[in-house]
Amino acid sequence: MKTDFKNEAATARRKLKRRGLWAVVTVWLLIWAWRGAEMNPLGLVKDYKNMLTLAGDFFPPNFHDWRVYMQEMAATFQIAVWGTLLAVICAVPLGILSAVNMVPWWVHQPVRRLMDAARAINEMIFAMLFVVTVGLGPFAGVLALWVHTTGILAKLFSEAVEAIEPGPVEGIRSTGSPWLAEVYFGVIPQVFPLWTSYALYRFESNVRSAMVLGMVGAGGIGVILWELIRGFYFQETCAVMIIIIAAVTFFDLISQRLRKAFI
Amino acid sequence: MIAVKNLWKTFGAVTALQGVDLEVKKGEMVALIGASGSGKSTLMRHLAGLTASNAACCSVKVNQAEIQTDGCLNRQIRKLRRGIGVIFQQFNLVGRLSVYHNVLLGALGRTALWRSLLFFFKAEDHALAQKALLKVGILDKMRQRASTLSGVQQQRAAIARALVQKADLILADEPIASLDPQSSKKIMEILRNLNQEEAITVVVTLHQVEYALNYCSRVVALKSGRVVYDGPSADLNSEMLREIYEGDLDEAQAPMADQKTEKPRIWRFIDPSIQNASEYPDASAAKAL
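Conventions used here
Residues numbered from 1 in each chain as written. Chains lettered and ligands numbered in written order. Predicted model: local features only at pLDDT ≥ 70, side-chain atom pairs only at ≥ 80, totals over all residues. Heavy atoms only, no water. Helix = DSSP H or I, 4+ residues; strand = E, 2+ residues; numbered from the N terminus. Domains from an automatic or database assignment. Contact = heavy atoms within 4.5 Å. Buried < 20%, exposed > 50% of the residue type's maximum accessible area, 1.4 Å probe, protein only. Polar contact = N/O pair within 3.5 Å; in protein donor to acceptor, adjacent residues only side chain to side chain.

Student: Which parts of the structure should I look at to understand unusual backbone geometry?
Tutor: The phi angle of most residues is negative, glycine excepted, and most peptide bonds adopt the trans form. Phi is positive for A:Phe232, which is not a glycine, with a value near 55 degrees. Note on placement: A:Phe232 falls in the loop between helix H10 (221-230) and helix H11 (234-262). Positive phi, close to 65 degrees, is recorded for B:Phe91, a residue that is not glycine. Within the secondary structure layout, B:Phe91 lies in the loop between strand S7 (84-87) and helix H3 (99-104).

What follows is the structure, given as structure tokens:
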């Protein structure tokens, strides 16, 4: 076989041209987004005195009402626990039902579209809707997290299922096992470490989401934060933020531990 | 035991099986040989009911039950698979479960779903699992995770699973292809034992001919999806083997593998247009057979 050097050179030139085109498109996109977002880095410098005053207002933090803050922080955690747990329970079957290698297309396509819908709409919007239906309070937050997280976890779970080794499943199948036992023994053990890891990660982010949910009246520390910022109680805001940071760090450490234990 | 009639299978443009007919009687130990891509694994998967043919007028019967007819698996296929133990080249155990659990899973077919999901198998199945582990010689490894075992031990566990299944037919698809010669012998001996002592019918596909000759009384040879030889292994001569393995030099070496001849690996990298045997001693060795 003879290598055609002329051809090689032509291909290289074509590739270079294509790359150049992509570079132009990327730069144009960045400029376009810059204008749209009204990016104003000079504002940071020009108004630095404002910033300093605001930052100064935050200190020292005022922990006078710390009992209330801790109570609400606990509520936030409770919302996240139930929202995530219900989502995991639903995402296990839905994840398997949206995996290409588990079910025929007329099952996984509809299930996937349904999960897309649950994922596409932000939990804040779900929270606003549920506040209307079940009233103000943490339960609306749980429902919102449940629906949104189910959509996310079902997708992640199904991707793990699609990456399994078919061998063990076939081994189980050849024993004449029913379909459910085949999934239970052939699929679940293979995806279990990854599923646990995804579920724990979602729990962490749900703790963070639950903090914001309060702003639309769905319970948790968000309500307090919202009220404090709106009333310019910056020292109290600072105290709440410190509590939030401590809590998030704490949950991150715990879920890291758990993840290691399961893998 | 097995009755295959006019079995065809195509994968896209490739025809893997071209009208295979095969009869195996109860208690036989049959070796299925052939070059890579001759269709022996495909045939096995059809026997096990793991793949359906895609042609009309095909029929695969095992134990008088139609595994598949005219390209459709039997509606009761999950029940029918209980009677057929399958051993795979890659063992196909569940790596994260213990050896003992893996072996117990052989009882899945006859266990109520709630029992299997709770790992609450019947006492007789537990006894059977321990007996099977003893039989294949890995009782001491039963608490280990399957993935921590060596290849030959995993294959033993897979055989034990088929025993717990109480299958009276074992289909072993390349059971020794990923094992070393010493381990291969052990596995083949276990299979022969099962055949002789437990009267289990065994069909085994083999890559290396000498195992077929040593362990199986009957050999069925496939070539390009057709049965080209079916008879006692003693009647196979090297002329026939060369015919069977034509165009697959690596395989043709197999009858001599016992003497540990070095395979002419370099052969694959030689450009076919410059095949000059005198310049490449390895190549001439391969041609000689």
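Student: I would appreciate a short explanation of the domain arrangement of chain A in the present structure.
Tutor: A common way to express how large an interface is: the accessible area buried when the components associate. When its domains are assigned, chain A resolves into domain 1 (1-41) and domain 2 (66-262). Using only C-alpha atoms to locate each centre, domain 1 of chain A and domain 2 of chain A end up separated by 39 Å.

Student: What's the story with the side chain of B:Ser233 in this structure? I'm lost.
Tutor: By the element assignment, B:Ser233 lies in the loop between strand S11 (226-232) and helix H9 (238-244). Ignoring sequence-local partners within four residues, the contact set of B:Ser233 consists of B:Ala212, B:Leu213, B:Cys216, B:Ser217, B:Arg218 and B:Val219.

Student: Please explain the side chain of B:Thr51 as it appears in this structure.
Tutor: Residue and element names in this part refer to chain B. Along the chain, Thr51 turns up in the loop between helix H1 (40-47) and strand S4 (59-62). For Thr51, a relative accessible area of 14% corresponds to the buried category. Polar contacts involving the side chain of Thr51 include one to the side chain of Arg45, which spans 3.0 Å. In this structure, Thr51 is in contact with Lys9, Arg45, His46, Gln68 and Leu73, ignoring residues within four places of it in sequence.

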